[in-house]
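# Analysis of the macromolecular model
Take a look at the letters that make up each chain.
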Amino acid sequence: MIAYEPVMQPFGRHALPDLKVAAETADWDRCVEIVNRQISGFSAAHVEDLRADQHGWAILRCLSGPLYAELGALNATLPPDVMDRPIKST
């Protein structure tokens, strides 16, 4: 499970185009880089430190598979203030 904070849109929306390309080409290394650099704002040096731990990097690659779909769904969901409005009958 990947937990996002905040758990509402817009979260990582700016990275969706790059994540889409990486997911479509199954470039899981790139997915991990995108989430760490573009979304989390970590430095390139931090990402290289992560990559140096082969076991840890392999886990991050596995976890990155659903990132594009999950972030896409998260950003397609209505904001809480819209979801809690009463439904008007016609």
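The structure we're discussing is the one just above.
Residues numbered from 1 in each chain as written. Predicted model: local features only at pLDDT ≥ 70, side-chain atom pairs only at ≥ 80, totals over all residues. Heavy atoms only, no water.

### Examining the overall build of the protein chain
Scanning the protein chain for helices and strands turns up six helices and zero strands. From first element to last, N terminus to C terminus, the protein chain shows the α and β order α-α-α-α-α-α. Taken across its 90 residues, the protein chain has 22% of its residues classed as buried. Sequence-distant contacts in the protein chain: of pairs separated by 6 or more residues, those separated by 24 or more amount to 62%. Carbon and sulfur atoms provide 60% of the accessible area of the protein chain, an area that totals close to 6,200 Å². (Helix = DSSP H or I, 4+ residues; strand = E, 2+ residues; numbered from the N terminus. Buried < 20%, exposed > 50% of the residue type's maximum accessible area, 1.4 Å probe, protein only. Contact = heavy atoms within 4.5 Å. Areas by Shrake-Rupley, 256 points an atom, 1.4 Å probe, with all protein chains shown as cover.)

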